[in-house]
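# Structural description and commentary
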Amino acid sequence: QVQLVESGGGLVQPGGSLRLSCAASGFTFHYYIMKWFRQAPGKEREWVASVTRDGGVKNYAESVKGRFTISRDNRRKTVSLQMNSLKVADTGVYFCKAENIGMTNEYWGQGTQVTVSS
């Protein structure tokens, strides 16, 4: 059974930091590109960051570049998102996603809430 389980969300003040984690099981983790998405209230889901199968290439949305860092541990089958210098606009539900090479399979986690507020 495929599972992606996010953790680490919570309430943080502007300028603060959070680290999100996503634990994977039920599929061959290192064959998949891993991505983070987020969805703010009343807005469409948007892509935040991605990392290739071996962790060699990372890409970020312009809005988070320089503040967020994606990483993966293929031994532990986890992907993380370190978020620094958080802004109110970063508020939303954060989801991890797994995609294989041919995009014949894709899996989503349930999401974890991140709230940036003073």
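Let us look at the structure shown here.

Each value, and the rule that gives it
- All chains use their own residue numbering, which begins from 1 and follows the written sequence.
- In view of the model being predicted, local features appear only for residues whose pLDDT reaches at least 70, and side-chain atom pairs are presented and counted only at 80 or more, with totals across whole chains, interfaces and linings using the full set of residues.
- Here the side-chain values reflect all heavy atoms present in the structure, with hydrogen atoms and water set aside.
- Helix and strand definitions follow DSSP, with helices as H or I runs of at least four residues and strands as E runs of at least two, each counted in order from the N terminus.
- Whether two residues are in contact is decided by their heavy atoms, any of which lying within 4.5 Å being enough.
- Pairs of cysteine sulfur atoms within 2.5 Å are what we label disulfides.
- Three exposure classes are used, based on accessible area relative to the maximum for each residue type with a 1.4 Å probe and protein chains only: buried under 20%, partly exposed in between, and exposed over 50%.
- Two aromatic rings, drawn from Phe, Tyr or Trp (for Trp, its six-membered ring), form a pair once their centres lie within 6.5 Å of each other, and the interplanar angle then sorts them: stacked below 30 degrees, edge-to-face above 60, tilted otherwise.

### Section: the environment of Gly15
Relative to the helices and strands, Gly15 is located in the loop between strand S2 (10-12) and strand S3 (18-25). Taking the C-alpha atoms as reference points, Gly15 and Val116, separated by 101 residues in sequence, lie 8.8 Å from one another. Those residues in contact with Gly15, other than ones at most four positions away along the chain, are Ser85 and Leu86.

### Considerations on the state of the cysteines
Following the criterion strictly, the structure yields one disulfide and no others. Between the sulfur atoms of Cys22 and its disulfide partner Cys96 the distance amounts to 2.0 Å. Classification of the bridge connecting Cys22 and Cys96 rests on its S-S torsion, roughly 45°, and on that basis the disulfide is right-handed. Placement of the pair is Cys22 in strand S3 and Cys96 in strand S9 (residues 92-99), with a sequence separation of 74 residues. Here Cys22 and Cys96 have matching classes, each one buried.

### Quick word on the packing of aromatic side chains
One pass over the full model with this rule turns up six aromatic pairs. Geometrically, the ring pair formed by Phe27 and Tyr32 is edge-to-face, given 4.8 Å between the ring centres and 70° between the ring planes. Each of the two residues, Phe27 as well as Tyr32, counts as buried. On the basis of an interplanar angle of 45° and a centroid distance of 5.1 Å, the ring pair of Phe27 and Tyr107 is categorised as tilted. Here the residue Phe27 occupies a position in the loop between S3 and strand S4 (33-39), and Tyr107 occupies one in strand S10 (residues 106-108), the gap between them amounting to 80 residues. Using a relative accessible area of 11% as the deciding quantity, one classes Phe27 as buried. Through successive ring pairs, a cluster of aromatic residues spans Phe27, Phe29, Tyr32 and Tyr107.

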